[in-house]
Amino acid sequence: MKVRSIPLRSPMAGFLRRRSSLPIWADLVWRVALVFGLIALVLLIHWIGRDGLKDTLDNNISFVDVLYFTTVTVTTVGYGDIVPVSPEARLFEAILVTPIRLFVWLIFLGTAYNLFFRNILYRWRMARIQADLHNHIIVTGFGTSGSEAVRELLARGVDAREIVVVDPIERALTEAEEMGCNVMCGDSTRDKTLKDVAIHRARSMIVSAGRDDTSILITLTARHLAPRLPISIVVRNEDNELPARQAGATTVINPVSFAGLLLAGSTSGRHIADYMADLAASGGRVKLNERFVLPEEIGKPLSAVTTGLGVRVYRENRPIGFWEDAAKQLQTGDMIIEIVGEIGEEGLDSAPF
């Protein structure tokens, strides 16, 4: 599992990458065989050119001396008890043995990193990032809908470090990582994956797994771990909207139905669909804002709101339209939905509505 909770590294530019088909034990055997093959090559050349070597102890170079000298020179720079004396032997040590020595050490270090240090490093980096995850947004699934949701969040001013993208496919996370988001390659239907992204400290969650059944299962898992977490889920089949709500989704969005609303609205007036899209997009001149009622607004009608155009009140999760009698007196705990104009350098747009 790779995360940022551990950061996923993007494929290097210009390189075609494929997951290795070798198991860990086979990869280790291949590395060991390569090291012994290099040592055997150096041993053979040392034996052929043994006349260029000098033993400072007895001036006699045996096969054991050659084997000893080979292992010492491949792994270290030697001890000086056996030394190359001929120009050919010294040239061989400089041109061939020295690069082989470095290559062997790189194999050793690479093996140690792959088998031991990488896991330690990943766990350490993951723990650091997990400690910083508070009040963040979890996005499970980085397909078309998930990626667009992340772009919209960033456009609305959300810090990329406050977004955690979870997807089981590594290549789907490359773009999210380039945006600066935390990413994790894992299965969001598993408790461990959602615990690793600190779901108990998240402020909201977006579920867009590409399949309705998978999205609903993710929602069930998330609701089990975080009973009060606001969860928005994308479903593509109208029949799955009710199961999604029963699974614990706070908001159920059907992109097909929304597109139908825009199309239907366009038949009543050519500007209606444009205004609806303007409300939904971060780059529009008007935006929808949700907030709690302010202390000074309690007891006043929704029409008296001065921060925007109040269009709806939610009281104990019951929607109240601006035209209803219940909206004529705001109460403590009310949630106000208002339309606000874009804010530029000179403040609120003079004609936002």
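With reference to specific residues and values, describe the overall build of the protein chain.
Secondary structure assignment for the protein chain yields 10 helices and 15 strands. Here the protein chain holds 353 residues, and 38% of them are scored as buried. Of all intrachain contacts in the protein chain linking residues separated by at least 6 positions in sequence, the fraction that spans at least 24 positions is 63%. Accessible surface computed for the protein chain: about 21500 Å², of which carbon and sulfur atoms make up 60%.

Which residues make up the pattern of salt bridges, and what are the values?
Evaluation of the coordinates by the stated rule reveals 11 salt bridges. In this structure, Arg 211 engages Asp 213 in a salt bridge whose closest nitrogen and oxygen atoms are separated by 2.6 Å. The partner of Lys 328 in a salt bridge is Asp 325, and the shortest N-O contact between them spans 3.3 Å. Judged by relative accessible area, Asp 325 falls into the exposed class, the value being 61%. Among the charged side chains, a salt-bridge network with shared partners connects Glu 148, Arg 151 and Glu 175.

Lay out helix H2 (residues 63-75) in plain terms, naming residues and giving numbers.
The end-to-end C-alpha separation of H2 is 18 Å, in line with the 18 Å expected for 13 residues at 1.5 Å each. Residues Asp 65, Val 66, Phe 69, Thr 70, Val 72, Thr 73 and Val 74 constitute the buried set of H2.

Account for the packing of aromatic side chains, with residues named and values stated.
Taken as a whole and assessed by the stated rule, the structure comprises two aromatic pairs. Seen in terms of ring centroids, Trp 47 and Phe 63 are 5.6 Å apart; in terms of plane orientation they differ by 75 degrees. Their pairing is edge-to-face. A residue pair is termed long-range when its members are at least 10 positions apart, and Trp 47 in helix H1 (residues 24-48) and Phe 63 in helix H2 qualify at 16 residues. For the ring pair Phe 322 and Trp 323, a centre distance of 5.3 Å and an interplane angle of 90 degrees mean the geometry is edge-to-face. Residue classification places Trp 323 among the exposed positions, given a relative accessible area of 60%.

Any chance you could break down the environment of Ala 222 for me, citing the residues and the numbers?
By the secondary structure assignment, Ala 222 is in helix H7 (residues 212-225). A relative accessible area of 0% places Ala 222 in the buried class. Along the backbone, Ala 222 and Lys 195 are 27 residues apart, and their C-alpha atoms lie at a distance of 9.3 Å. Leaving out residues up to four positions away in the same chain, Ala 222 has contacts with Leu 194, Ile 199, Met 205 and Ile 231.

I'd love a proper account of the sheet that holds strand S13 (residues 335-341), names of residues and values included.
The antiparallel open sheet is built from four strands, whose spatial order is S10-S13-S11-S12. Edge positions in the sheet fall to strand S10 (286-292) and strand S12 (318-321), since each has one partner strand and no second. Neighbouring strand axes in the sheet, compared pairwise and without regard to direction, differ in orientation by 25 degrees on average. In this structure, S10 lies alongside S13, joined through seven bridges in antiparallel fashion. Bridging from a neighbouring strand, Lys 287 pairs with Val 340 of S13.

Residue-level account of the pairing of strand S6 (residues 182-185), with values.
Of the two faces of S6, the one lined by Asn 182 and Met 184 and the one lined by Val 183 and Cys 185 are each fully buried. As defined by bridge partners, strand S5 (residues 163-167) adjoins S6 across four bridges and the pair is classed as parallel. Within the sheet, the bridge partner assigned to Val 165 lies in S6 and is Val 183. For the crossover from S5 across helix H5 (residues 170-178) to S6, the handedness is right-handed.

Reading the values: rules and limits
- Residues numbered from 1 in each chain as written.
- Predicted model: local features only at pLDDT ≥ 70, side-chain atom pairs only at ≥ 80, totals over all residues.
- Heavy atoms only, no water.
- Helix = DSSP H or I, 4+ residues; strand = E, 2+ residues; numbered from the N terminus.
- Buried < 20%, exposed > 50% of the residue type's maximum accessible area, 1.4 Å probe, protein only.
- Contact = heavy atoms within 4.5 Å.
- Areas by Shrake-Rupley, 256 points an atom, 1.4 Å probe, with all protein chains shown as cover.
- Salt bridge = Lys/Arg side-chain N within 4 Å of Asp/Glu carboxyl O.
- Expected span 1.5 Å × (residues − 1).
- Phe/Tyr/Trp six-rings, centres within 6.5 Å; stacked < 30°, edge-to-face > 60°.
- Pairing = 2+ DSSP bridges.
- Axes fitted to C-alpha atoms, helices over the stretch in contact; angles between N-to-C directions.
- Right-handed = clockwise from strand over helix to strand, strands pointing away.

Limitation: the analysis is restricted to geometry and does not speak to function.
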